[in-house]
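Chain by chain, the residues run as shown.
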Amino acid sequence: MKKSNQETTAIRGQIERTQYREHSVPLFLTSSFTFGSAEEMAGMFAGDIEGDVYSRYANPNTEEFIQKMCVLEGADAGFATASGMAAVWCSMAALLDSGDHIIASRALFGSTHQILSQLLPRFGITFTYVDGIQIEQWQESLTPKTKMVLLETPSNPALQIIDLRLAADFCRNHRLILNVDNCFSTPVIQNPLILGADIITHSATKYIDGQGRVLGGIVLGKQELIDKVIFFCRHTGPAMSPFNAWILSKSLETLALRMERHCQNAHTLALRLQNESKIAEVIYPFLESHPQYELAQSQMKYGGGIIGFQVKGGTDAGRNFLNKIKMCSLSANLGDSRTIATHPASTTHSKLSTAEREAVGISDGLIRISVGLEHIDDITQDILQALD
Ligand SMILES: *Cc1c(COP(=O)(O)O)cnc(C)c1O
């Protein structure tokens, strides 16, 4: 696929038209493909001749989605999966062997934490949690068997920023695979592969779909690593459905436009809430008060669509606030055109102890808002009336 500006690739990076000369890409709901001859069939099975064989391996719709994402993220290759968690799991299961060790930033998505602590140990793979923003301390967690560093930036929901260039230096120096979950930022805001990561994952369920319709995920990265991921996925079967790929490839056409508005709305809301007497602190990477404001500016194009703030009065105040919300949705999802409010301490992160929550920057009064695409005045008004 030709490299052009992000917006153009996302719109024009379409697979070839069929004999019907359609303008919009058709949906290829087919589990398998036919061959013109025994020789062609043998060649395509062997991979000597290019062409689709079976949709668990590849399908025109998933290929289009993958190829657009490769161009947007600066990846050599990728594999599209049925969900974001399938992508995270495959990025580890395909590349790690029994006995290997992972260094992981403590502030990870909940199910990623479960993979590390409950599933990988069954296969003899161990991990150590580190403070993502103290890269100079990661060295202490290195073992001769360390093979991968796993992180998310900005972190969920405390929005701590990990220096991707420094993390890449650390991994290069110690010959480790840097694996970054880039779901919060999307390729519009930040490109970890270009900053030195080896492999990245996305939950396409979030901003890439952006309208709360389908699940999806993708693993992207350097050819030699993705070859192993493709082998693993082809034979274990987590492939994205062609229908979801068709939806998600269409969604990419408006991703840049949507992200700009998500970020503009989030930034405006963060600035507005800074002066509210009932709020102790507003957290947003592009606010000058953010402890890593300059780092955020250096690796992110915009501040993102998520803001955090602490209502004064702890857990009760947090819950009260949510009960007073009128327009915004109460949901654990994020990256939707509808604004969503959550109280992490009593929902997504309730299984952690208060001390564990504090270690990743989640106070009892923290509210996370996934700022949507409604008019900013309506979003602001709903939040201000709930604070009152
Ligand atoms: C939602 C999410 C995932 C998991 O994605 P699913 O599509 O729900 O499986 C992984 N990482 C992050 C950061 C997420 O927000």
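Quick note: structure is the one above.
Here's a quick rundown of the structure. (Residues numbered from 1 in each chain as written. Predicted model: local features only at pLDDT ≥ 70, side-chain atom pairs only at ≥ 80, totals over all residues. Heavy atoms only, no water.)

**A look at the site of the ligand**
Near the ligand the following residues occur: Ser83, Gly84, Met85, Phe109, Glu152, Asp181, Cys183, Ser203, Thr205, Lys206 and Gly216. A distance of 2.8 Å is found between an oxygen atom of the ligand and a side-chain nitrogen or oxygen belonging to Ser203. One nitrogen or oxygen atom from the side chain of Lys206 is found 2.7 Å from an oxygen atom belonging to the ligand. Summarising the interface, the protein chains cover 91% of the accessible area of the ligand, which totals 380 Å² for the free molecule. Residues belonging to the shell around the ligand are distributed by class as follows: 3 nonpolar, 5 polar and 3 charged. (Near = heavy atom within 4 Å. Polar contact = N/O pair within 3.5 Å; in protein donor to acceptor, adjacent residues only side chain to side chain. Areas by Shrake-Rupley, 256 points an atom, 1.4 Å probe, with all protein chains shown as cover. Nonpolar A, V, L, I, M, F, W, Y, C, P; charged D, E, K, R; others polar.)

**Quick look at a nonpolar patch on the surface**
Together, Leu27, Leu29 and Phe243 make up a nonpolar patch on the protein surface, roughly 280 Å² of accessible area in all. Relative to the helices and strands, Leu27 is located in the loop between helix H1 (6-12) and helix H2 (38-46). Overall, the relative accessible area of 31% leaves Leu27 in the partly exposed class. (Patch = residues over 30% accessible without salt bridge, like charges linked within 9 Å, V, L, I, M, F, W, Y side chains within 5 Å. Salt bridge = Lys/Arg side-chain N within 4 Å of Asp/Glu carboxyl O. Helix = DSSP H or I, 4+ residues; strand = E, 2+ residues; numbered from the N terminus. Buried < 20%, exposed > 50% of the residue type's maximum accessible area, 1.4 Å probe, protein only.)

**Some thoughts on the pattern of salt bridges**
Counted according to the given criterion, the structure contains 11 salt bridges. Here Lys250 and Glu253 are joined by a salt bridge, their closest N and O atoms 3.5 Å apart. Taken together, the shared-partner salt bridges in this structure form one network comprising Asp97, Asp100 and Lys147.

**Considering the sheet that holds strand S10 (residues 329-330)**
Reading across from one edge, S8-S9-S12-S11-S10 is the order of the 5 strands in this open sheet, with mixed pairing throughout. Unpaired on one side and paired on the other, strand S8 (279-283) and S10 mark the two borders of the sheet. Sheet topology places S10 next to strand S11 (residues 340-342); 2 bridges connect them, and they run parallel. In the sheet register, Ser329 faces S11, and the bridge partner there is Ile340. Helix H10 (residues 255-273) contacts S8, strand S9 (306-311) and strand S12 (366-370) of the sheet and is inclined by roughly 20 degrees relative to S9. (Pairing = 2+ DSSP bridges. Contact = heavy atoms within 4.5 Å. Axes fitted to C-alpha atoms, helices over the stretch in contact; angles between N-to-C directions.)

**With respect to the sheet that holds strand S1 (residues 77-81)**
Within the open sheet, the 7 strands sit side by side as S1-S7-S6-S5-S4-S2-S3. Their pairing is mixed. The sheet is open, and its two borders are formed by S1 and strand S3 (126-130), each paired with just one other strand. Within this sheet the neighbouring strands show an average axis-to-axis angle of 20 degrees, counted without direction. Summarising the sheet, strand S4 (residues 146-152) and strand S5 (residues 177-181) pair through 5 bridges and their orientation is parallel. Opposite Glu152, over in S5, you have Asp181 as the bridge partner. Across the sheet, helix H6 (residues 164-173) is in contact with strand S2 (101-105), S4 and S5; its angle to S5 comes to roughly 150 degrees.

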